[in-house]
Amino acid sequence: MQNSIFSDQSPKILPSILSADFARLAADLADAQAAGADFPHIDVMDGHLVPNLSLGVPIVDKLRKATAGFFDVHLMIDAPVTYAPSFRKAGADNITFHVEAPEVKNDLVGAAKEIRKLGCHVGITLKPKTPIDTVFPVLDYVDLVLIMSVEPGFGGQKFMADMLEKARIVKPMLKSHQKLEIDGGIGPATIRQAREAGIDWFVVGSALFDAKDRKSAMASMHAGIAAAGG
Ligand code: DX5
Ligand code: ZN
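Definitions and limits used
- Residues numbered from 1 in each chain as written.
- Chains lettered and ligands numbered in written order.
- Predicted model: local features only at pLDDT ≥ 70, side-chain atom pairs only at ≥ 80, totals over all residues.
- Heavy atoms only, no water.
- Phe/Tyr/Trp six-rings, centres within 6.5 Å; stacked < 30°, edge-to-face > 60°.
- Helix = DSSP H or I, 4+ residues; strand = E, 2+ residues; numbered from the N terminus.
- Buried < 20%, exposed > 50% of the residue type's maximum accessible area, 1.4 Å probe, protein only.
- Near = heavy atom within 4 Å.
- Polar contact = N/O pair within 3.5 Å; in protein donor to acceptor, adjacent residues only side chain to side chain.
- Areas by Shrake-Rupley, 256 points an atom, 1.4 Å probe, with all protein chains shown as cover.
- 1 Å grid on protein atoms, 1.4 Å probe; cavity = no way out; pocket = protein on both sides within 12 Å on 5 of 7 lines; lining within 4 Å.
- Sits in = over half its atoms within 2 Å of the grid points.
- Nonpolar A, V, L, I, M, F, W, Y, C, P; charged D, E, K, R; others polar.
- Pairing = 2+ DSSP bridges.
- Axes fitted to C-alpha atoms, helices over the stretch in contact; angles between N-to-C directions.
- Patch = residues over 30% accessible without salt bridge, like charges linked within 9 Å, V, L, I, M, F, W, Y side chains within 5 Å.
- Salt bridge = Lys/Arg side-chain N within 4 Å of Asp/Glu carboxyl O.
- Points joined across faces, edges and corners; volume = space filled by probe spheres on them.

1. Examining the packing of aromatic side chains
So, step 1. As enumerated under the stated definition, the model contains five aromatic pairs in all.
So, step 2. Centroid distance F39 to F70: 5.2 Å. Interplanar angle 70°. Geometry classified as edge-to-face. Of the two residues, F39 is situated in the loop between α1 (25–34) and β2 (41–45) and F70 in the loop between α2 (57–66) and β3 (72–76); the sequence distance between them amounts to 31 residues.
So, step 3. Accessibility expressed as a relative area gives 9% for F39, which makes it buried.

So, in C-alpha cells, the structure goes:
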C-alpha cells in the first residue's frame, strides 16, 4: 500500500488534535483545516510510556466518520502491536510507534512488519533522550521517522532545538518516499530551522489551536518554510 501523500514532496503542517477542543473535536479540527492546516496528527497516550492519558480507539473511530483524509496516529503506548489493529480498524492510515515501547524494543523490525500487515503505513519514533541510532535497524521497514522535539506527553512545551541534530543525521539515510516528521514546540518561531534540518511533516498543536488567528499562524509558518527555501 502506498498512499500518494508519501510521494508528495511538499511540506505538510499537521494539526495535533491534542490541543483541540475535545468537546467539539471534529468541528475544531475542521476549523484548523479551514485555516490551511493539512491532515491530523493524533496522539494516543497510555499513562505508562508517557506520563499522561489522552484518547483511545473510540475517539479515532468517531473522528474518522466526521473527517475525510489521512490520519497520522502517534502511539505513545507500551504495547503498540497489540493495539495497532484496533486503531487501523478505527481509521488510522499511518501508525507510528516508539523504540522505547516495552512490547517492541527487542524486535523493532518484527513490530514494523506486523503493523504494515494491517494495510497501513508505519512510522518509528524516539524520545529526546534516546539516541538516533536506535532507529537505524528499522529504517528499511518504515515510511516515516518522527523526531520528538519535546518530552512526549503534553502539548505546549518548549522546542528542544538540539533534537534537530537527529534530523540532520537521519535525513540522508531516508529514501524520497520516506517522510521525516517533527513533533513538539513547532510554530512560527521554530519551523524555519526545522525545515532547514530536512523536516517534511511538521506537527503543530498549541501554536495553531491556541492562536488568536489561525489563518495568520498558518501564514507565518508557511513564511518560515519559504524562508528556509520552500
Ligand atoms: C506531545 C505530542 C504532540 C503535542 C505537540 O507528546 O506528541 O503532538 O501535541 O504539541 P505542541 O505543538 O503544542 O508542542
Ligand atoms: Zn505526537
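2. Brief notes about the site of ligand 1
So, step 1. Neighbouring ligand 1 are 20 residues, the closest being D43, G153, G156, D183 and S206.
So, step 2. In this structure, S16 approaches ligand 1 through a side-chain N or O atom, which is 2.8 Å from an oxygen atom.
So, step 3. Separating an oxygen atom of ligand 1 from a backbone N or O atom of G185 is a distance of 2.8 Å.
So, step 4. With the chains in place, 100% of the 380 Å² that ligand 1 exposes on its own is no longer accessible.
So, step 5. With respect to the pocket detection grid, ligand 1 is positioned in the largest pocket.
So, step 6. Every element with two or more residues in the shell around ligand 1 is listed here: β2, β3 and β8 (201–204).
So, step 7. Element by element, the count of residues in the shell around ligand 1 is highest for β2, at three residues.
So, step 8. For the shell around ligand 1, the class distribution of residues is eight nonpolar, 10 polar and two charged.

3. Focus: the sheet that holds strand β5 (residues 121–126)
So, step 1. Spatial ordering of the open sheet is given by β1-β8-β7-β6-β5-β4-β3-β2, a layout of eight strands whose pairing is parallel. Of all strands in the sheet, those with a lone pairing partner are β1 (12–15) and β2, marking the two edges. Each neighbouring strand pair of the sheet contributes to a mean axis angle of 25°, computed without reference to strand direction.
So, step 2. Pairing of β3 with strand β4 (residues 94–98) involves four bridges; the strand directions are parallel. Bridged to H74 within β4 is T96.

4. Describing a nonpolar patch on the surface
So, step 1. A grouping of F136, I169 and M173 is seen on the molecular surface, where their side chains present a nonpolar patch of about 230 Å² in accessible area.
So, step 2. The topology assignment puts M173 in the loop between α5 (164–170) and β7 (179–183).

5. Remarks on the layout of surface pockets
So, step 1. Approximately 230 Å³ is the volume attributed to the largest pocket.
So, step 2. Taken together, 24 residues line the largest pocket, and the ones lying closest to its centre are F154, G155, G156, D183 and G184.
So, step 3. For the lining of the largest pocket, the secondary structure elements donating two or more residues are β2, β3, β8 and α7 (206–209).

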